Amino acid sequence: MATFIVLLGPPGVGKGTQAKILAETTKLAHVSSGDLFRENLKNQTELGKLAKSFMDKGELVPDDVTISMIRERISRPDCEAGAILDGFPRTPTQADALEKMLAEFASEVNAVPYITADESVLVERTGGRWTCREHGHIYHEKFSPPQKTGVCDFDGSELYQRDDDKVETVTKRIRVYLEQTMPLVEYYRKCGKLLEIDGAQPVEQVTRVLLSALNK
Ligand code: AP5
Ligand code: MG
């Protein structure tokens, strides 16, 4: 049976950072809804333009378009063994849809690491984040700077700051997260799948705790 791991947690807590490490360690695909929207935006697709109108306001993209984008993505061959889902599901409707689509592949959500940190940590992390234009590699100007300012260590592409990382937008994203995504914490806790991870530690320490929780 395939393995699907859902990473839950507020904006900027380190889901993308940990998802990339986990994907490498487990050889599972990394599926990030935010990265997929940004890729669509880069390619100027209709979906990208629609998503941007919500992302810029710090709001969620409507469930129907998000669900069909993820359905298409996890149907690809590289997800046959499963995936690390980063940023999806984010609403109860998305969680129901995920359960149904995984059932079609005779699979289910296996574990839900829930990474947390105080709001001040989230603001500091998003404020100093730099992202690689080509493949979405993630840096922080203070905590994990690239070797050369403004250039990705892995592919040499330009690093940019996300439009939705302005303090006002981050504050809005945190509010939206509390209202719309927090119910999933209780939902997965009741299913016995939630693994609570303290995200307010250095990247390597979070990874250690995460891997040991998943191995149990
Ligand atoms: P998305 O791209 O998913 O953003 P998010 O959930 O708000 O989370 P972030 O990507 O901002 O943070 P992260 O937790 O991945 O942290 P990262 O590892 O980068 O979504 C963006 C938008 O798209 C949404 O607002 C919405 O509009 C739309 N969207 C996406 N999914 C959707 C869905 N399912 N439904 C509807 N709409 C959707 O780390 C952050 C920074 O901290 C980096 O600089 C990193 O280097 C640094 N860092 C990470 N870990 C540590 C550490 N342990 N110590 C020090 N620094 C660290
Ligand atoms: Mg992310």
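Attention here is on the structure that accompanies the text. (Residues numbered from 1 in each chain as written. Chains lettered and ligands numbered in written order. Predicted model: local features only at pLDDT ≥ 70, side-chain atom pairs only at ≥ 80, totals over all residues. Heavy atoms only, no water.)

You can see T126 is positioned in helix α6 (residues 119–127). Within polar-contact distance, the side chain of T126 engages the backbone oxygen of L122 at 2.8 Å. With sequence-adjacent residues up to four places away left out, T126 is seen in contact with P11, G12, D165 and V170. (Helix = DSSP H or I, 4+ residues; strand = E, 2+ residues; numbered from the N terminus. Polar contact = N/O pair within 3.5 Å; in protein donor to acceptor, adjacent residues only side chain to side chain. Contact = heavy atoms within 4.5 Å.)

Another point: the site of ligand 1. As a structural note, the neighbourhood of ligand 1 is formed by 36 residues, with T17, E59, R90, R129 and R173 the closest of them. Between ligand 1 and S33, the relevant distance is 2.7 Å, taken from a nitrogen atom to a side-chain nitrogen or oxygen of the residue. Within the side chain of R129, a nitrogen or oxygen atom sits 2.6 Å from an oxygen atom of ligand 1. Relative to its unbound accessible surface of 1,000 Å², ligand 1 loses 97% to contact with the protein. (Near = heavy atom within 4 Å. Areas by Shrake-Rupley, 256 points an atom, 1.4 Å probe, with all protein chains shown as cover.)

Here the focus is the sheet that holds strand β6 (residues 138–140). Taken together, the 3 strands give an open sheet; going across it, the order is β6-β5-β7, and neighbouring strands pair in antiparallel fashion. Both outer strands of the open sheet, β6 and β7 (159–160), are each paired with one neighbouring strand and no more. Pairing of strand β5 (residues 129–132) with β7 involves 2 bridges; the strand directions are antiparallel. Counted as the bridge partner of T131 is Y160 from β7. (Pairing = 2+ DSSP bridges.)

In this section: the pattern of salt bridges. Taken as a whole and judged by the stated rule, the model has 18 salt bridges. Across the pair R38 and D35 runs a salt bridge, and its minimum N-O distance is 2.9 Å. Of this pair, R38 and D35 both sit in helix α2 (residues 33–42), 3 residues apart, which is roughly one turn of that helix. Between K172 and E59 there is a salt bridge whose closest N-O contact spans 3.3 Å. Highlighted residues: K172 in helix α7 (residues 167–190) and E59 in the loop between α3 (46–55) and α4 (63–74), separated in sequence by 113 residues. Beyond isolated ion pairs, a larger network of salt bridges with shared partners links R129, R162, D164, D165 and R173. (Salt bridge = Lys/Arg side-chain N within 4 Å of Asp/Glu carboxyl O.)

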